[in-house]
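Structural overview for review
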Amino acid sequence: MISLMPILLAWLAGWFWVSTLRKRGGETPSARRVLDISLALPFGLGATSVLFVVLLWVGLSPRVAAILSDGLWLAGGGALWWLRGRGRGSGSDQAAGVRTAGFRWAWIGWIGLAVAAAFWAGSMVQTSKAVPQGDWDAWAIWNMRAKFLASDGKWQGAISPELVGRSHPEYPLLWSGVVAKAWSWTGNPGDSLAPTVAGALASAGLASLLLAGLWAMRGAASGLMAVLVLMSTVSFWQYSPAQYADIPLALFMLAALCCAVLAESLEWDPGLMALSGALASMAAWTKDEGMVFLAALGLVLLAAARKRALYWAVAALPVLLVCAGFKLLLAPPFAAWSPSHLAEYSRLGPILRTVGSEFLHLGSFPAHPIVAVAACLALLGFRRPARPVWPIIPVALLGAGYIGAFWMTTSELTWHLQTAAGRLLLQITPLVLFCLFLLLKNPVDGAAPAATGRRKR
């Protein structure tokens, strides 16, 4: 159980930083608390993991690096939280946009979520007993590299060129760092409890963040509908106990996008922009797909926020430097893509067919998530005017990046599609649902509430 302590400490440290940096909008106290807790998980796990790996690089032992990374972030966040008046802003601050009225039937959604969560938790427990070290990629890539990071004097094994062709030593190290940091506290690399709990928290955090982000901006009913659609997808249940880095990646990307949208509603608030930038850079340090998302979100925010995008860029820079140093100085060379394949247009057909097939296999009709989405579209309709639209752009660019990666892959195309297409679809699904329900009308009782104007800070 000691291996759980660094995970919980990182989460607590994240709460101090998020609570201090995030300006309050017009959300209800319940929505505010759930949103802070949901954002604290990725921020805390990501920040402490980055520092842990950096301290290993400079020569500290795994145990010392783990204790220092957790302690420094926790002490710094606690001190900042205290000095800044125990959190930023107040519940009286009003976000721009439409104020949502209560919805009398929202309790049905809460009951549905409770039932789904109970079944999901049972599935997690039973599957984790059967595969305590996760599925293939977990023990062949993420957990194996974590064992190197958590072993005295052996962290270089995580990036050994000898692993090329057998594993992926060129992959970023954030999620392996999360697991290794927990193991380093106990000195027991390989204990299955830490990666199992970390993976379960990432899955639960992804669902919680989708709920909380929409709850804060569109009301509880919208958040409940979105999270129930997510939990109706087969891939969410399939990969939650697998201990892959795909769900943590989706968590970081959704957190970055959510903070950016909240920042825009508060006239591009600097604190929220900084949180978005830091979380986007952590996505880049989780998997290579995160780098595509970071570039796409950064370009869109530069066009939309202009000078305020500087806060985003400054916050993203430290982890970006770690990513660049790793790729340029440490990671063994691996030619994952070849631009010459772009001339082979015949590759596009199998890619699109496989993506379509994976989409159809997100569920079984009539209990398919697309049926639930179609029902929401028919019952609610789109907001008039439909805004914000800009969050769709980085998500669309990320999807295009997936297609481009398959098109240029140096691996055998059919094998690559069969092994990766479903996971990539899972990565982007929460982002698509978040953008969609931002644009749908709120389910409310009676006449629609009047819009409120922007409140100057």
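Please refer to the structure higher up on the page.
First things first, this report covers the structure right here in the doc.

Conventions and cut-offs
- Residues numbered from 1 in each chain as written.
- Predicted model: local features only at pLDDT ≥ 70, side-chain atom pairs only at ≥ 80, totals over all residues.
- Heavy atoms only, no water.
- Axes fitted to C-alpha atoms, helices over the stretch in contact; angles between N-to-C directions.
- Helix = DSSP H or I, 4+ residues; strand = E, 2+ residues; numbered from the N terminus.
- Parallel < 35°, antiparallel > 145°, perpendicular 65-115°, else oblique.
- Left-handed = near helix turned anticlockwise from the far one by under 90°.
- Contact = heavy atoms within 4.5 Å.
- Expected span 1.5 Å × (residues − 1).
- Buried < 20%, exposed > 50% of the residue type's maximum accessible area, 1.4 Å probe, protein only.
- Salt bridge = Lys/Arg side-chain N within 4 Å of Asp/Glu carboxyl O.

With that out of the way, let us pick up the packing of helix 3 (residues 62-83) against helix 6 (residues 174-186). Two numbers describe how helix 3 lies on helix 6: the axes approach to 8 Å, and their chain directions differ by 115°. Put simply, helix 3 runs roughly perpendicular to helix 6. Considering the relative orientation of helix 3 and helix 6, their crossing is left-handed. Along its contact with helix 3, which presents Pro62, Arg63, Ala66, Ile67, Ser69 and Asp70, the element helix 6 presents Lys181, Ser184, Trp185 and Thr186.

Moving on: helix 1 (residues 5-21). Taking 1.5 Å of rise per residue, 17 residues should cover 24 Å, and helix 1 covers 24 Å from first to last C-alpha, within 8% of that figure. Three or more residues of helix 1 are buried, namely Pro6, Ile7, Ala10, Ala13, Gly14, Phe16, Trp17, Val18, Ser19, Thr20 and Leu21. Where the residues of helix 1 are buried, they touch helix 2 (29-57), helix 3, helix 6, helix 7 (193-218) and helix 11 (270-284).

When the terminal C-alpha atoms of helix 6 are compared, their 19 Å separation across 13 residues agrees well with the 18 Å that a helix rising 1.5 Å per residue should span. Among the 13 residues in helix 6, twelve count as buried, and that is most of the element. Among the residues of helix 6, those classed as buried are Leu174, Trp175, Ser176, Gly177, Val178, Val179, Ala180, Lys181, Ala182, Trp183, Ser184 and Trp185. Looking one or two residues past helix 6, Gly187 carries a phi angle of roughly 70°, positive in sign.

Let's shift gears to the pattern of salt bridges. Inspection of every chain in the model, using the stated rule, returns nine salt bridges. For Arg423, the salt bridge is made with Asp246, and the minimal N-O distance between the two is 3.3 Å. Taken together, the positions of Arg423 in helix 17 (residues 413-439) and Asp246 in helix 10 (residues 246-265) put the pair 177 residues apart, joining distant regions of the chain. Shared partners join several salt bridges into a network, and the residues in it are Asp137, Asp246, Lys287, Glu289 and Arg423.

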